[in-house]
Amino acid sequence: RTMRPPALRLPSPRSPAAQCTVGTASLSVIIPAYDEAERLPRTLEESLAHLSTTRRGPWEIIVVDDGSHDSTCEFVAARLAAEPRLRLLSSGRGANRGKGAALAAGAAAARGDLLLLLDADGATPLS
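Residues numbered from 1 in each chain as written. Predicted model: local features only at pLDDT ≥ 70, side-chain atom pairs only at ≥ 80, totals over all residues. Heavy atoms only, no water.

Trainee: I tried to follow the overall build of the chain on my own but got confused; where do I start?
Mentor: Looking only at helices and strands, the chain has 4 helices and 4 strands in total. When the helices and strands of the chain are listed from N to C terminus, the series reads α-β-α-β-α-β-α-β. Across the 127 residues that make up the chain, the buried fraction comes to 35%. Sequence separation of 24 or more characterises 78% of the internal contacts of the chain that already satisfy a separation of 6 or more. Of the roughly 7900 Å² of accessible surface on the chain, a fraction of 56% belongs to carbon and sulfur atoms. (Helix = DSSP H or I, 4+ residues; strand = E, 2+ residues; numbered from the N terminus. Buried < 20%, exposed > 50% of the residue type's maximum accessible area, 1.4 Å probe, protein only. Contact = heavy atoms within 4.5 Å. Areas by Shrake-Rupley, 256 points an atom, 1.4 Å probe, with all protein chains shown as cover.)

Trainee: Can you help me understand helix α2 (residues 40-54) in this one?
Mentor: Residues that lie three or four places apart on an α-helix share one face, since the helix turns once every 3.6 residues. With 15 residues, α2 extends 21 Å between its outermost C-alpha atoms, agreeing within 8% with the 21 Å of an ideal straight helix rising 1.5 Å per residue. Buried within α2 are the following residues: Leu-40, Thr-43, Leu-44, Ser-47, Leu-48 and Leu-51. The buried residues of α2 all sit within an arc of 125 degrees when viewed along its axis, so they share a single face. In α2, the exposed positions that point more than 90 degrees away from the buried face belong to Arg-42 and Thr-53. Looking at the buried residues of α2, the elements they touch are β1 (27-33), β2 (59-65), α3 (72-79) and β3 (86-90). (Expected span 1.5 Å × (residues − 1). Arc of directions from axis to C-beta.)

Trainee: Explanation requested: the sheet that holds β3 in the structure shown.
Mentor: An order of β3-β2-β1-β4 is seen for the 4 strands of this open sheet, with the pairing classed as parallel. Among the strands making up the open sheet, the edge pair consists of β3 and β4 (114-117). Taking the axes of each pair of neighbouring strands and ignoring which way they run, one obtains an average angle of 25 degrees across the sheet. For β1 and β2, the ladder comprises 7 bridges, and the chain directions are parallel. Bridge assignment links Pro-32 to a residue of β2, and that residue is Val-64. The strands that helix α4 (residues 99-109) touches are β1, β2, β3 and β4; relative to β1, the one it contacts most, it runs at about 155 degrees. (Pairing = 2+ DSSP bridges. Axes fitted to C-alpha atoms, helices over the stretch in contact; angles between N-to-C directions.)

Trainee: Just to check I follow, could you spell out the side chain of Ser-68 for this structure?
Mentor: Among the secondary structure elements, Ser-68 is positioned in the loop between β2 and α3. Within the structure, the side chain of Ser-68 is placed 2.7 Å from the backbone nitrogen of Asp-35, a separation counted as a polar contact. A polar atom in the side chain of Ser-68 sits 2.5 Å from the side chain of Asp-65. Sequence-distant contacts of Ser-68, defined by excluding residues within four places in its chain, comprise Ala-33, Tyr-34, Asp-35, Glu-36, Arg-93 and Gly-94. (Polar contact = N/O pair within 3.5 Å; in protein donor to acceptor, adjacent residues only side chain to side chain.)

Trainee: Sorry, what's going on with the nonpolar core here?
Mentor: The tendency in soluble globular proteins is for nonpolar side chains to be buried as a group. Of all hydrophobic cores here, the largest spans 15 residues; its most connected members are Val-29, Ile-31, Leu-40, Leu-44, Ile-61 and Val-63. Breaking this core down by element, the ones donating at least two residues are β1, α2 and β2. Ignoring sequence-local partners within four residues, the contact set of Leu-40 consists of Ile-31, Ala-33, Val-63, Thr-72, Phe-75, Val-76 and Ala-120. With 6 residues, the next largest nonpolar core counts Ile-62, Ala-102, Leu-103 and Ala-110 among its residues. (Core = buried A, V, L, I, M, F, W, Y, C linked by side-chain atoms within 4.5 Å.)

This is the structure in structure tokens:
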């Protein structure tokens, strides 16, 4: 006879308990980037502004530069001093390992209880 684990019962997303938990849990937004110097600035600025005004719990944005040949890494590095919740991981110039590896590196470095994956082109904005 096979034993089944008990069913996991999550609160309804609309219940006050779920909203409180999700609204105050720590959040890590992971943005993989490869040669995104043209598109990343807008996405990053809009994401920082949105999180700064809407999040009740702690959050961070992790940009994972996956070996860009352009100024992607330099752009993010210049923003680090002004925004302590922004983090940069880099595989090194020209060391492109692919989007999956960049996402895995970001997830491994994340400090948040919740992870959100966001593309650098801003196709799906946080707002």
